[in-house]
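The chain contents come next:
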Amino acid sequence: DCRAVFWRSSSSNSSSHTVRRGSRSRSFCSEVHRQSRGFGSSGGIDGGGDRSRSDSRGSGGGGRGPGNRFDPDTSLQDLLDLGAMPSEVEVAEVLARHWSRWAGHPGRTITWLKGLAQFGRPETAAALLRVARSFEVEVGTFHFNITVGACVRSGLWETAAALLTEMEDGSISKDTSTYNCMVSLCGRRGDLDRALALLSEMRTRRVEPDVVTYNTTISAFDRGGRWEVALRLFAEMATRGIRRSVVSYNSAMSACGRGSGWEVAFELLAQMYDCALQADVVSYNSVTTACERAGRWTLALCCLHAMTERALRRTAVTYGAAISACEKDGRWVAAMALLGDMECSTVKCDVVAFNAAISACEKGGRWEVALSLLAEMDRVRLKSDTVSWSAAVSACEKGAQWETSVHLLSRMASAGVAANAVTWSSALTATGRAAAWAAALDVFRAMEGRAGVAPTRVSFNAMLDAVRGRPEARLLFERYLSSGLLPHVTSSRAELDLHSLSPGAAELLLARWLEEVASSVESRPPSVEIITGQHRLRKAWDTGDIQATVCLLLNDLGIRWRVREDNPGRLVLDVA
């Protein structure tokens with residue numbers, strides 16, 4: 001029982017207790033002690049009049065002389081020496097040694113709590129708060145706010161929630177700071193609906209939310225992907241007369257990025273200057289990210305130039321967002337220029353920037369440059385990841401370099417980087433387009449065997465192109481059907497959609513359907529439409545013409561067909 005330990009320790013002689021003091025802790029404790037002399041004034045949290053003045057004089061205040069003056073260095077350092085997670089009994093023992101001085105200075109609890117929060121000891125602060133309450137030392141809202149805030153910042157969400165429950169049970173009133181901690185806790189735990197309910201509760205209890213309340217709530221909804229609510233709360237600040245801060249605008253602009261609202265993000269950036277608020281690096285990063293997600297690479301570059309004009313230092317996030325914006329539009333030259341500018345600056349190139357540049361080269365059809373960037377990552381000792389290698393393999397696939405694609409797969413295994421479904425599918429597509437059926441089969445077996453990656457629609461389509469006309473094609477097609485990735489077709493259906501398949505897969509599916517039509521006279525429709533798309537509709541199969549493949553098969557089988565006049569991507573078959 002900590003009370004028993006407390007009283008036993010407080011009655012013993014603690015004069016021989018030796019304390020290890022760090023210079024940083026001593027200076028901090030002295031500063032906190034000096035600043036805390038304002039606490040405890042009349043009407044304050046701890047009450048009891050202005051005790052600090054009598055302390056500073058070393059006399060008065062109930063006969064407290066220089067010999068009984070409060071020594072924060074010893075008290076706080078003893079608590080810090082307990083470690084990160086002391087028990088309440090251990091905290092009680094420390095307080096017992098200082099009981100004669102602590103009993104006369106209940107307001108000093110704030111000094112200790114602030115010190116523990118500053119040194120990152122929220123568990124000790126929580127234990128101190130509970131021990132103080134158990135001995136009926138006056139504890140109020142401010143004490144809880146300090147401790148709960150420290151717990152939230154340290155990620156001790158359960159401890160913070162337990163302290164808030166104690167406030168409820170102890171009928172300790174909540175102020176705006178308390179609710180700010182509660183909203184922050186809900187945001188970090190992902191309980192967004194509860195955070196919104198707390199805003200309503202504040203109004204019900206006539207506790208006025210401030211700019212911190214709204215900033216915390218907006219940030220929570222932004223991180224949670226509910227950008228519409230975040231922007232609604234941002235607009236609500238104006239209607240309630242709460243002056244928005246830079247943080248408010250930054251959070252709102254970040255929400256615009258998640259909602260592809262790049263136009264609104266630029267409007268908010270302009271509003272900041274109209275309101276005499278100085279946009280910072282985070283502001284421009286948020287707008288640049290919004291442009292990146294909307295694929296507006298030219299506007300993203302404009303943001304970078306604006307940062308230079310305003311002497312704002314670009315960060316890795318700035319460059320990463322701008323290069324990603326160029327990547328989405330295949331602007332590999334601009335992406336390479338930004339990467340070079342990043343290397344020349346003091347900003348360290350990271351994996352995100354390199355990956356975006358490699359992807360830009362892949363979309364721009366520059367497989368040689370993509371491979372050089374992959375080698376450059378190794379040269380600068382930057383650990384490449386699955387995204388890096390997948391983008392390089394895809395670049396070789398689009399450049400018709402199937403041998404290089406397969407070679408990169410083997411290098412990935414040697415480098416200890418796991419290939420994903422996208423990587424395998426790109427290599428299979430490369431071999432399929434080149435009709436390199438033997439290499440395609442090796443890659444397919446390695447994907448299923450060593451990697452344990454299940455085939456996807458892309459990998460099946462690529463394989464059926466690679467083994468087109470070979471005996472293996474029929475077996476693979478049966479597996480494709482049984483996988484559930486292909487829609488089940490029957491002879492009674494009046495429409496057959498082939499436009500999402502590769503030529504090899506479309507050919508086999510059409511043949512299967514015609515077999516069912518031939519064997520079912522009663523249920524088959526008089527005519528059927530085949531959706532092929534116009535020429536090379538799907539980018540994934542841009543080397544094959546589905547319609548040409550279907551027409552050739554129909555001609556070989558002697559089946560009459562015609563192209564729909566109003567939709568050239570559909571063929572009408574007479575199967576009566």
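Note that the structure is a prediction, hence the values are computed from the model and not measured.

Digging into the overall build of the chain
- A count of helical and extended segments in the chain gives 30 helices and 4 strands.
- For the chain, the residues scored as buried account for 49% of the 576 residues in total.
- Per element, the accessible surface of the chain, about 26,800 Å² overall, is 50% carbon and sulfur.

Points about the pattern of salt bridges
- For the structure shown, the criterion picks out 28 salt bridges.
- The residue Arg564 makes a salt bridge to Glu529 at a minimum N-O spacing of 3.0 Å. Remark: Glu529 occurs in strand S2 (residues 527-531) and Arg564 occurs in the loop between strand S3 (561-563) and strand S4 (570-574); sequence separation between them is 35 residues.
- The salt bridge involving Arg570 is made with Glu529; its shortest N-O contact spans 2.8 Å. Of this pair, Arg570 sits in strand S4 while Glu529 sits in strand S2, and the two are 41 residues apart along the sequence. Across the pair, exposure class does not vary: Arg570 and Glu529 are buried alike.
- Connected via shared salt-bridge partners are Glu327, Glu362, Lys363, Glu397, Lys398 and Arg433.

Focus on the packing of helix H20 (residues 332-344) against helix H21 (residues 351-363)
- Where H20 contacts H21, the axes come no closer than 8 Å and their chain directions differ by 155°. With respect to each other, H20 and H21 are oriented roughly antiparallel. Judged by the sense of rotation from one axis to the other, the crossing of H20 with H21 is left-handed. Across the interface between the two elements, Trp332, Ala335, Met336, Leu339, Met342 and Glu343 from H20 touch Ala353, Phe354, Ala357, Ala360 and Cys361 from H21.
- Across the contact of H20 with H21, the residue classes break down as 10 nonpolar, no polar and 1 charged.

Side note on the packing of helix H22 (residues 367-379) against helix H23 (residues 386-398)
- Across the interface, H22 lies against H23 with an axial gap of 8 Å and an inter-helix angle of 155°. Our classification of the angle between H22 and H23 gives roughly antiparallel. At the point where H22 passes H23, the crossing takes the left-handed sense. For the pair formed by H22 and H23, the contact residues are Trp367, Ala370, Leu371, Leu374 and Met377 on the first element and Ser388, Trp389, Ala392, Ala395 and Cys396 on the second.
- Of the residues belonging to the contact of H22 with H23, the class tally is 9 nonpolar, 1 polar and no charged.

Examining the side chain of Arg314
- Mapping Arg314 onto the fold places it in the loop between helix H18 (297-309) and helix H19 (316-328).
- Within polar-contact distance, the side chain of Arg314 engages the side chain of Thr308 at 2.8 Å.
- In this structure the side chain of Arg314 is engaged in a polar contact, spanning 3.4 Å, whose partner is the side chain of Tyr319.
- Ignoring anything within four residues of it in the chain, the contact list for Arg314 reads Leu304, His305, Met307, Thr308, Tyr319, Asp341 and Val347.

Some details on the nonpolar core
- Within the largest apolar cluster, 156 residues are counted, with the highest numbers of intra-cluster contacts made by Leu498 and Leu510.
- Beyond its immediate sequence surroundings of up to four residues, Leu498 is in contact with Ala506, Leu509, Leu510, Ile530, Ile531, Ile546 and Val550.

Points about H20
- For H20, spanning 13 residues, the distance from its first C-alpha to its last is 18 Å, which sits close to the expected 18 Å at 1.5 Å a residue.
- Those residues of H20 lying buried are Ala334, Ala335, Leu338, Leu339 and Met342. Buried residues of H20, viewed axially, fall in a sector of 140°; they line one side. Seen from the buried face of H20, the exposed residues on the opposite side, beyond 90 degrees, are Val333 and Cys344.
- As for H20, its buried residues are in contact with H18, H19, H21 and H22.

Things to note about unusual backbone geometry
- Phi at Arg206 takes a positive value of approximately 60°, unusual for a residue other than glycine.
- Among the secondary structure elements, Arg206 is positioned in the loop between helix H12 (192-204) and helix H13 (211-223).
- Backbone geometry places Ala276, a non-glycine residue, at a positive phi of 60°.
- Position of Ala276 among the secondary structure elements: in the loop between helix H16 (262-274) and helix H17 (281-293).
- Under the relative-accessibility criterion, Ala276 is labelled exposed at 62%.

Notes on the pairing of S4
- By the criterion of burial, S4 is predominantly enclosed, with 4 of the 5 residues buried.
- Pairing of S2 with S4, which is carried by 5 bridges, proceeds in the antiparallel orientation. Counterpart to Ile530 in the pairing with S4 is Leu571.
- Where S3 and S4 come together, 3 bridges link them in antiparallel fashion. Across the sheet, Val563 pairs through a bridge with Leu571, a residue of S4.

A word on the sheet that holds S2
- Taking strand neighbours across the sheet as the criterion, the 4 strands line up as S1-S2-S4-S3 in an open arrangement whose pairing is mixed. With partners counted over all chains shown, the strands left at the sheet margins are strand S1 (495-497) and S3, one partner each. Taken pair by pair, the neighbouring strands of this sheet meet at an average axis angle of 25°, ignoring direction.
- Two elements, S1 and S2, share 3 bridges in a ladder whose sense is parallel.

Some remarks on the side chain of Ser324
- Within the secondary structure, Ser324 is located in helix H19.
- For Ser324, the contacting residues outside a window of four places in its chain are Glu292 and Ala356.

Observations concerning the packing of aromatic side chains
- Under the counting rule described, the total for this entry stands at 4 aromatic pairs.
- With a centroid separation of 5.1 Å and 75° between ring planes, the pair formed by Phe234 and Tyr249 is classed as edge-to-face. Taken together, the positions of Phe234 in helix H14 (residues 227-239) and Tyr249 in helix H15 (residues 246-258) put the pair 15 residues apart, joining distant regions of the chain. Of the two residues, Phe234 and Tyr249, neither departs from the other in class, the shared state being buried.
- Between Trp262 and Phe266, the ring centres sit 6.5 Å apart and the planes meet at 85°, which makes this aromatic pair edge-to-face. Here Trp262 pairs with Phe266, and both are found in helix H16, just 4 residues apart, close to one helical turn.
- Taken together, the aromatic side chains of Phe444, Phe460 and Tyr480 make up a single cluster linked through ring pairs.
- Taking NZ or CZ as reference, Arg470 lies 3.5 Å from the ring centre of Trp437, over its face.

Calculation notes
- Residues numbered from 1 in each chain as written.
- Predicted model: local features only at pLDDT ≥ 70, side-chain atom pairs only at ≥ 80, totals over all residues.
- Heavy atoms only, no water.
- Helix = DSSP H or I, 4+ residues; strand = E, 2+ residues; numbered from the N terminus.
- Buried < 20%, exposed > 50% of the residue type's maximum accessible area, 1.4 Å probe, protein only.
- Areas by Shrake-Rupley, 256 points an atom, 1.4 Å probe, with all protein chains shown as cover.
- Salt bridge = Lys/Arg side-chain N within 4 Å of Asp/Glu carboxyl O.
- Axes fitted to C-alpha atoms, helices over the stretch in contact; angles between N-to-C directions.
- Parallel < 35°, antiparallel > 145°, perpendicular 65-115°, else oblique.
- Left-handed = near helix turned anticlockwise from the far one by under 90°.
- Contact = heavy atoms within 4.5 Å.
- Nonpolar A, V, L, I, M, F, W, Y, C, P; charged D, E, K, R; others polar.
- Polar contact = N/O pair within 3.5 Å; in protein donor to acceptor, adjacent residues only side chain to side chain.
- Core = buried A, V, L, I, M, F, W, Y, C linked by side-chain atoms within 4.5 Å.
- Expected span 1.5 Å × (residues − 1).
- Arc of directions from axis to C-beta.
- Pairing = 2+ DSSP bridges.
- Phe/Tyr/Trp six-rings, centres within 6.5 Å; stacked < 30°, edge-to-face > 60°.
- Lys NZ or Arg CZ within 6 Å of the ring centre and 35° of its normal.

Function cannot be read off these values alone, since they describe shape.
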